[in-house]
Amino acid sequence: MVHLFLGITTVAVTWFCAWKYCGMPQWRAVLAGLIVACDPILLHQQSLVMTETLATALAALALTCLAFWSARPGLGSAALAGLSIGWCSLCRPTFLPWLGLVAVAFAIAPPTAAAARAKIEAAPRPQWGCAPPVRRLAWACVAAVAGVAVMLPWGVRNAWVFGQPILTTTHGGYTLELGNNPQFYDWLSSSEVLPWDSRAWQAERQAAMSHIRVDEPSELFWDQWAYQRAWQAIRERPGDFFRAAVYRIGQLWSPLPHRLTGEESAARSMGRWAVAGWYCGVYLLAMYGIARLGWKALSSPWLWGLLLVATWTGVHTLYWTNLRMRAPLIPFVALLAAEGAPTARLALRTWRWAWVVHPPDREPKQGKK
């Protein structure tokens, strides 16, 4: 029931952001919501007790709060934007660099056209790009402090338990080592078509842990131990690390899910290719959207989504990733796809006119002798 509520919330917030802050007509705003509602990753993760559904809902909410701040810049809206990203970071530490990039953008980003497009009837407020540097810096500081304040209770708890005010997680080392170890590097160099099976690596890792003689090692000890092993593998095999980084980026954005068995049934194969067809269509619409926006993509709310995509891709260049890891980016991709729908429709009508209504003469005319 919680996941159902979060899923409906994500769809509603995406529609609202598209209509209110992206200036889309209703049919395109509804299209953005439908893309989120029908997304294969979100539908699959909806049935699992994992963080994708919550992280996606929080990401959509944070994008909307950032767009609201752009339309009505002020200390209160800046604090709301920071709080929303803080909630995202508690769910997924990958969001934390996004908070830093957003704070920098608050301070130095160029003017935005969002305030002129937003349908908000209010007294005139100082526009983002026209505000003095001191005011911009105040907005940036408020957003950053609000985001950290949300995570502060968790940091206090970790300071009480571990003696260090850790604001995120204590298994980052494991996630880094999972994507950077000799066994995984060897698999990348092989011709194996099935996903990497980590059981042999897990067994080797457990054996290495059993030989360490430390009195009651804590989570932090094992986290640092995993970080050291990961960085050792990276230093020893930099070429394989680069290959793994490229592979991780490809996996993050791949439209085609992995083949999981050696002898795949026809139904599974058709299902995988149907998912790939869905994402190829959405990606094509999103590319039309980026082309249609042009330089406007650097204004709100598109700027915040681009910063999120850059953060997500950068972090997962190092850390383990797979197709489901891009779930929190889907609302923004849906906004881009809805933005590109008119261009795609125009291209389709042009193609239909050229090749169906008035097809070209395929046979050359015979000249007179």
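See the structure printed just above.
Conventions used here
- Going along each chain's sequence as written, the residues are numbered from 1 onward.
- In keeping with the model being predicted, local features are shown solely for residues with a pLDDT of at least 70 and side-chain atom pairs are shown and tallied solely at 80 or more, while totals for entire chains, interfaces and linings include all residues.
- Each side-chain value is derived from all of the structure's non-hydrogen atoms; neither hydrogens nor water enter the calculation.
- Think of a 1 Å grid over the protein atoms and nothing else: a 1.4 Å probe that fits but is trapped marks a cavity, an open set flanked by protein within 12 Å on at least five of seven lines marks a pocket, and residues with an atom within 4 Å of a point count as lining.
- Grid points are joined across faces, edges and corners, and a volume is the space filled by probe spheres set on the points.
- Under the DSSP-based scheme used, a helix requires at least four consecutive residues in state H or I and a strand at least two consecutive residues in state E, with every element numbered from the N terminus.
- Residues are sorted three ways: Asp, Glu, Lys and Arg are charged, Ala, Val, Leu, Ile, Met, Phe, Trp, Tyr, Cys and Pro are nonpolar, and all the rest, Gly among them, are polar.
- Counted as a polar contact is a pair of N or O atoms within 3.5 Å, where, for protein atoms, one must be capable of donating a hydrogen and the other of accepting one, and residues adjacent in sequence contribute only when both atoms are in side chains.
- We call two residues in contact when some of their heavy atoms are within 4.5 Å.
- One fewer than the residue count of a helix, multiplied by 1.5 Å, yields its expected span.

Trainee: Requested: an account of empty space enclosed by the protein, with residues and values cited.
Mentor: Overall, the coordinates contain 2 cavities of 30 Å³ or more when judged by the stated rule. Forming the walls of the largest cavity are I35, D39, W253, Y279, V282, Y283, R326, L329, I330, V333 and A334. At the level of elements, α14 (266-293) and α16 (330-357) are the ones that each hand at least two residues to the lining of the largest cavity. Its residues placed into classes, the lining of the largest cavity shows 9 nonpolar, no polar and 2 charged. Reported here for the second largest cavity is a volume of approximately 40 Å³. Along its surface, the second largest cavity is lined by V13, T14, C17, A60, L63, T64, P331, F332 and L335. For the lining of the second largest cavity, the secondary structure elements donating two or more residues are α1 (2-20), α4 (52-71) and α16. Of the residues belonging to the lining of the second largest cavity, the class tally is 7 nonpolar, 2 polar and no charged.

Trainee: Please provide a residue-by-residue account of the side chain of T10, values included.
Mentor: Structurally, the position occupied by T10 is in helix α1. Of note is the side chain of T10, whose polar atom sits 2.8 Å from the backbone oxygen of L6. Apart from the residues lying within four places of it in its own chain, the contact partners of T10 are V36, T56, A57, A60 and P331.

Trainee: Would you mind going over helix α5 (residues 75-91) in detail, with residue names and values included?
Mentor: For α5, spanning 17 residues, the distance from its first C-alpha to its last is 25 Å, which sits close to the expected 24 Å at 1.5 Å a residue. Packing partners of the buried residues in α5 comprise α4, α6 (96-108) and α8 (133-162).

Trainee: Can you break down the layout of surface pockets residue by residue, with the values?
Mentor: Empty pockets left among the atoms are what a rolling probe the size of a water molecule brings to light. Approximately 860 Å³ is the volume found for the largest pocket. Residue lining of the largest pocket: 25 residues in total, with P257, H258, L260, N322 and L323 positioned closest to the centre. At the level of elements, α3 (40-45), α13 (238-253) and α14 are the ones that each hand at least two residues to the lining of the largest pocket. Partitioned by chemical class, the residues of the lining of the largest pocket number 13 nonpolar, 8 polar and 4 charged. Lining the second largest pocket we find 28 residues, and of these P93, T94, T169, H171 and T175 sit closest to its centre. Counting only elements with at least two residues in the lining of the second largest pocket, the list comes to α5, α6, α9 (172-179), α12 (219-236) and α15 (302-318). The biggest single contributor to the lining of the second largest pocket is α9, with 4 residues. Residue classes in the lining of the second largest pocket are distributed as 15 nonpolar, 9 polar and 4 charged.

Honestly, it's all geometry; don't read function into it.
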